[in-house]
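Below are the chains, spelled out letter by letter.
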Amino acid sequence: MKVVETIAEMRRLRLELTEPVGFVPTMGYLHDGHLALVKRARAENPSVVVSLFVNPTQFGPQEDFASYPRATRRDLTMLEKGKTDIVFMPSVAEVYPPQFDSWVEVGKISQRLEGAARPAHFRGVTTVVAKLFNIVQPAKAYFGQKDAQQVVVIRKMVTDLNMNLEVVTCPTVREPDGLAMSSRNTYLNPEERRAAVVLYESLKLAQRQWSQGEKDAAKLRQTMTALIQKQPLATIDYVSIADNETLEELDKVKPPALVSLAVKIGKTRLIDNVILE
Ligand code: PAF
């Protein structure tokens, strides 16, 4: 496994890889969810590149960029075990030199849900992912369903800008009690960690009611909201049942519908989702 810090070196080593290349972009602090992406990339491509880059432009001014958890040495050991060929871990200055001033912005769907709560977030995500795609030139790129809107936005960017690669979405990996794996789970104290299971419980409740015939999205949102409100450590940011492509809120559930939510547990904002299909 080679660890590369500059774009020039990444491009040089990229030439030596056997095609096609599978790519897993990450912000590090890896967990089993990331490793599932690497495993899938490994199974589907002779070469695998993983990036570790905590991207400052996708964090708002009041968000956790500075404190975002980092564990590079541990990440590298995990990636070595996962048979990664190249780890690309550039500095912020390498990706965003002082004169940097170009942005990739996907329209309406970037402004809903997470985009409404975090205004410049997706502009940062799409800009860095476009740059990483240009640098790594993968045939396939792997993303987790956990960040459902991110996948929808990146797919839209790839389609609209004719990027020559396939976006592969992999299922959310969960802890035994159902909590979706996330680097941010590390912020939770033991009591909050127990409370955090309410996100998945509310999603399962919606799924169950829908499969029993409830098609009224407002009712499903209501039952989810009521369940979450019973948890004293939880504060709801949004509970949404939306079309999985346009991300417009639905009145009547028409599959595939994205049921997603953002909830603060204590000070930690968590997101999760399921698709009704
Ligand atoms: O999902 C993430 O970890 C990030 O948003 C990504 C795709 C690596 C871009 O910084």
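1. Re the sheet that holds strand S7 (residues 234-243)
Either a parallel or an antiparallel arrangement is found when strands of a sheet pair, and the pairing is made through backbone hydrogen bonds. In spatial order, the strands read S7-S8-S9; together these three strands make up an open sheet with antiparallel pairing. With one partner strand each, in any of the chains shown, S7 and strand S9 (268-276) form the two edges of the open sheet. Shown here is a sheet whose adjacent strand axes are inclined to one another by a mean of 15 degrees, direction ignored.

2. Focus: the site of the ligand
Every residue near the ligand is listed here: Pro25, Thr26, Met27, Asn55, Gln58, Val128, Val129, Phe143, Asp147 and Gln150. A distance of 2.6 Å separates an oxygen atom of the ligand from a polar atom in the side chain of Gln58. When isolated, the ligand has an accessible area of 290 Å², and the protein chains bury 90% of it. Elements with a contribution of two residues or more to the shell around the ligand: strand S2 (21-26) and helix H6 (121-136).

3. Regarding the sheet that holds strand S1 (residues 2-4)
The sheet built from six strands is open, its strands ordered S1-S4-S3-S2-S5-S6 with parallel pairing. Looking at the sheet topology across the chains shown, the edges are occupied by S1 and strand S6 (166-170). Going from strand to strand, the sheet's axes swing by 25 degrees on average, the running direction of each strand aside. The pairing of S2 with strand S5 (residues 140-144) spans two bridges and is classified as parallel. By the bridge assignment, Phe23 is partnered in S5 with Ala141.

4. Remarks on the nonpolar core
Phe133, Ile154 and Met157 are the most contacted members of the largest nonpolar core, which has 43 residues in total. Elements represented by at least two residues in this core include exactly helix H1 (7-14), S2, strand S4 (86-88), H6, S5, helix H7 (148-160) and strand S8 (257-265). It is H6 that provides the largest number of residues to this core, a total of nine residues. Setting aside its immediate chain neighbours within four residues, Ile154 contacts Val125, Val129, Phe133, Phe143 and Val167. Residues Tyr200, Ala206, Val259 and Leu276 belong to the second largest nonpolar core, which totals 27 residues.

5. Here we look at the pairing of strand S3 (residues 47-52)
Within a regular strand, side chains alternate between the sheet's two faces. Counting buried positions along S3 yields six of six residues, so the element is predominantly enclosed. When S2 meets S3, the two strands line up parallel, connected through six bridges. Each bridged residue has a counterpart across the sheet, and for Gly22 the counterpart in S3 is Val48. Where the polypeptide runs from S2 across helix H2 (residues 32-44) and back to S3, its parallel neighbour, the crossover connection is right-handed. Bridge analysis of S3 against S4 gives three bridges, and the strand direction is parallel. Across the sheet, the residue bridging to Ser51 is Phe88, located in S4.

6. As for the packing of aromatic side chains
Taken as a whole and assessed by the stated rule, the structure comprises seven aromatic pairs. The interplanar angle of 75 degrees and the centroid separation of 6.3 Å between the aromatic rings of Phe23 and Phe133 together place this pair among those described as edge-to-face. Taken together, the positions of Phe23 in strand S2 and Phe133 in helix H6 put the pair 110 residues apart, joining distant regions of the chain. You can call Phe23 buried: its relative accessible area is 0%. With centroids separated by 6.3 Å and ring planes inclined at 40 degrees, the aromatic side chains of Phe53 and Tyr96 adopt a geometry described as tilted. Of this pair, Phe53 sits in the loop between S3 and helix H3 (72-81) while Tyr96 sits in the loop between helix H4 (92-95) and helix H5 (114-117), and the two are 43 residues apart along the sequence. For the pair Phe53 and Tyr96, a shared accessibility class is recorded, and that class is buried. One aromatic cluster is present, built from ring pairs that chain together Phe53, Tyr96, Phe100 and Trp103. In this structure, Arg70 packs its charged tip against the face of Phe65, placed 5.2 Å from the ring centre.

Criteria and thresholds
- Residues numbered from 1 in each chain as written.
- Predicted model: local features only at pLDDT ≥ 70, side-chain atom pairs only at ≥ 80, totals over all residues.
- Heavy atoms only, no water.
- Pairing = 2+ DSSP bridges.
- Helix = DSSP H or I, 4+ residues; strand = E, 2+ residues; numbered from the N terminus.
- Axes fitted to C-alpha atoms, helices over the stretch in contact; angles between N-to-C directions.
- Near = heavy atom within 4 Å.
- Polar contact = N/O pair within 3.5 Å; in protein donor to acceptor, adjacent residues only side chain to side chain.
- Areas by Shrake-Rupley, 256 points an atom, 1.4 Å probe, with all protein chains shown as cover.
- Core = buried A, V, L, I, M, F, W, Y, C linked by side-chain atoms within 4.5 Å.
- Buried < 20%, exposed > 50% of the residue type's maximum accessible area, 1.4 Å probe, protein only.
- Contact = heavy atoms within 4.5 Å.
- Right-handed = clockwise from strand over helix to strand, strands pointing away.
- Phe/Tyr/Trp six-rings, centres within 6.5 Å; stacked < 30°, edge-to-face > 60°.
- Lys NZ or Arg CZ within 6 Å of the ring centre and 35° of its normal.

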